[in-house]
Structure formats: structure tokens, C-alpha cells
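Now for the letters of each chain:
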Amino acid sequence: MALTREEREQFLAEPHVAALAVAARDSGRAPLSVPIWYQYTPGADVWIMTGRTSRKAELIGAAGRFTLLVDRLEPTIRYVSVEGPVIDTRPATRADLEEVSARYLPAEKVAGYVDFAWENHGEQVVITLRPEHWVSSDLGRL
């Protein structure tokens, strides 16, 4: 069964690790598909952080759009996929890193991770996607 708008937005707002997919047209390779943390609030745009010169950032810049897929297996098999255009790319701030890290890590681990990542991961960018196409389903308990 397809999810309602409210159900899919709430599911995407939960802290799942997403699979990011982006076309790799000119490289002669299949689309890039990698796990990534993301931030989303129902009704808003989705954003990710990645290295400014990473393959992800380069391919997203060339394609101008990407897809995120999140899923779970329990208590029911459920997934949401969202695809759309990039509407903004900007330098990441330490506050962005703190926000997305707090979504995924226990509170007592955030500060240490942020200190490490800010010092060691290099220059980061925030890339914002405007949800345009949604695919979702809840297959229930199989």
C-alpha cells in the first residue's frame, strides 16, 4: 500500500540512513549509490552534507538532481524514495554538522564526533533537494 503524504513525510523525517543515488552519465559507470545521513522536516526540503570535492558533490552538480531512498524491515517493510532538483549548494557550517550529527548519534557522542569531523573531513557543502517525485510503500508484516 502506498503511504499517504503525511505518512511518507513523517517516515522520511525519522533518522534513517539513506541511500543516495545520482547519475554518472559521462563516466561510463552505473549511477553512484552510497549511504548518507540527511536532514528533513515534514513539508520542507531535504539536505545532505558531503565533501566539497567529493564524487557525490561533482555528480550531483553535473546532474542537478538526485534521489534518496530510506527503508526499514521492522515492524513492517516500509520505504520512501524522494527525488528532485538541487535548489541550493552552500558551504557547510559547524552548526549544520552538529544538527545532522545530533539526528543520528547519542547526545553524549555528538560533540566529540563534530570536533573530529570538523577537523578531519575537509571542506564540506550542504546540498538541498526539493522533493518533486515520491515513491512509497508499506508492505505490512510478511
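Higher on the page you've got the structure.
Residues numbered from 1 in each chain as written. Predicted model: local features only at pLDDT ≥ 70, side-chain atom pairs only at ≥ 80, totals over all residues. Heavy atoms only, no water.

One pass over the structure, following the stated rule, counts three aromatic pairs. Ring centres 4.8 Å apart and planes at 10 degrees place the aromatic pair Trp37 and Tyr104 in the stacked group. Remark: Tyr104 occurs in helix H3 (residues 94–104) and Trp37 occurs in the loop between strand E2 (32–36) and strand E3 (39–40); sequence separation between them is 67 residues. Between Trp37 and Tyr113 the ring centres are 5.7 Å apart and the planes differ by 55 degrees, which places this aromatic pair in the tilted class. Highlighted residues: Trp37 in the loop between E2 and E3 and Tyr113 in helix H4 (residues 107–120), separated in sequence by 76 residues. With relative accessibility at 28%, the residue Tyr113 sits in the partly exposed group. Each member of the aromatic cluster is reached from another via a ring pair, and the members are Trp37, Tyr104 and Tyr113. (Phe/Tyr/Trp six-rings, centres within 6.5 Å; stacked < 30°, edge-to-face > 60°. Helix = DSSP H or I, 4+ residues; strand = E, 2+ residues; numbered from the N terminus. Buried < 20%, exposed > 50% of the residue type's maximum accessible area, 1.4 Å probe, protein only.)

If you look at the biggest cluster of nonpolar residues, it comprises 37 residues, and the most contacted ones within it are Leu12, Leu20, Tyr38, Ile48, Phe66 and Leu68. Excluding its chain neighbours within four sequence positions, the residues that come into contact with Leu12 are Tyr38, Tyr40, Val46, Val70, Val82, Arg103 and Trp134. (Core = buried A, V, L, I, M, F, W, Y, C linked by side-chain atoms within 4.5 Å. Contact = heavy atoms within 4.5 Å.)

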